[in-house]
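Listed below, chain by chain, are the residues.
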Amino acid sequence: MPVLGTLTRRVGHHRWFGAAVRLLVPADRMVGRLTRGRVVALGLIPSLVITTTGRRSGRPRSNPLLYVPDGDAYVVVGSNFGQAQQPGWAMNLRADPAAEVAVKGRRVPVRAQVATGAERDRLWRLLVAEWPAYLAYAQRAGGREIFVFRLEPTGRGGPGGPTTRD
């Protein structure tokens with residue numbers, strides 16, 4: 001793991017880190033668009049760009065997210081850096097589970113499922129292994145349910161499947 005990636009994981013649990021990263025999200029979105037999803041989060045952590053449909057606007061909304069692979073699916077979490085409110089993209093997925101992810105230059109249509117019970121616990125452990133700061137985010141969220149989503153490809157191009165490029 002690159003030194004900068006290791007450092008990022010070490011400071012990720014600090015409150016200031018979440019505030020700083022939220023300020024960088026617009027730039028990260030632009031870099032993701034310009035590189036067609038090949039570079040997200042400066043390549044420091046496994047990341048994708050999810051495009052959901054706005055639940056009120058009906059417009060496409062794109063957000064960079066950390067993910068972990070789970071078989072042919074992608075797992076993401078609505079931590080919102082431990083803020084009290086749900087992230088907009090998570091609420092969009094709850095309203096319409098059809099989405100698209102861009103991962104390493106591939107665009108993959110997906111369908112989101114909110115994980116519950118033992119499945120949520122298993123996926124949460126995978127997420128925390130990749131990004132330990134999720135434990136701090138869960139504490140800061142003040143009892144808010146943090147949604148864990150399993151994004152299952154509806155076509156080709158899952159983490160273990162054939163690649164399709166733009």
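In case you missed it, the structure is sitting above this.
A short tour of the structure in this document, coming up. Fair warning: this is a prediction, and the values are worked out from it, not measured in the lab.

Of all the positions in helix 3 (residues 88–95), only W89, A90, N92 and L93 are classed as buried. For helix 3, the angular spread of the buried residues around the axis is 160 degrees, confining them to a single face.

The pairing of strand 1 (residues 47–53) with strand 5 (residues 98–103) spans three bridges and is antiparallel. Each bridged residue has a counterpart across the sheet, and for T51 the counterpart in strand 5 is E100. In this structure, strand 5 lies alongside strand 6 (residues 106–114), joined through six bridges in antiparallel fashion. Along strand 6, the bridge assignment pairs V101 with V108. Hairpin geometry of strand 5 and strand 6 is characterised by an intervening segment of two residues between the two adjacent antiparallel strands and by a positive phi of about 50 degrees at K104.

We now examine the pattern of salt bridges. Applying the stated criterion across every chain, the model contains five salt bridges. The partner of R122 in a salt bridge is D70, with the nearest N and O atoms 2.8 Å apart. Remark: D70 occurs in strand 3 (residues 68–70) and R122 occurs in helix 4 (residues 117–130); sequence separation between them is 52 residues. Among the residues examined, R122 registers a relative accessible area of 30% and is labelled partly exposed. Note that E100 and R107 form a salt bridge whose closest N and O atoms lie 2.6 Å from each other. A residue is classified by how much of its surface remains accessible, and E100, at 24% relative accessible area, is partly exposed. Overlapping salt bridges, with partners in common, bring together D70, E119, R122, R150 and E152 in one network.

Before going further, it helps to spend a moment on the packing of aromatic side chains. What the rule picks out here adds up to six aromatic pairs. Both rings, one in W89 and one in F149, keep their centres 5.6 Å apart while their planes meet at 55 degrees; by these two values the pair is tilted. Taken together, the positions of W89 in helix 3 and F149 in strand 7 (residues 148–153) put the pair 60 residues apart, joining distant regions of the chain. An aromatic cluster of at least three residues, connected via ring pairs, comprises F81, W124, Y134 and Y137.

With that settled, consider the pairing of strand 7. For strand 7, a buried count of five out of six residues is recorded, marking the element as mostly surrounded by other parts of the structure. Pairing analysis gives four bridges linking strand 4 (residues 73–77) to strand 7, with the strands arranged antiparallel. Paired with Y74 across the two strands is L151, which belongs to strand 7. Note that strand 6 and strand 7 share five bridges and pair antiparallel.

What counts, and at which threshold
Residues numbered from 1 in each chain as written. Predicted model: local features only at pLDDT ≥ 70, side-chain atom pairs only at ≥ 80, totals over all residues. Heavy atoms only, no water. Buried < 20%, exposed > 50% of the residue type's maximum accessible area, 1.4 Å probe, protein only. Helix = DSSP H or I, 4+ residues; strand = E, 2+ residues; numbered from the N terminus. Arc of directions from axis to C-beta. Pairing = 2+ DSSP bridges. Salt bridge = Lys/Arg side-chain N within 4 Å of Asp/Glu carboxyl O. Phe/Tyr/Trp six-rings, centres within 6.5 Å; stacked < 30°, edge-to-face > 60°.

Purely geometric numbers; function is a separate question.
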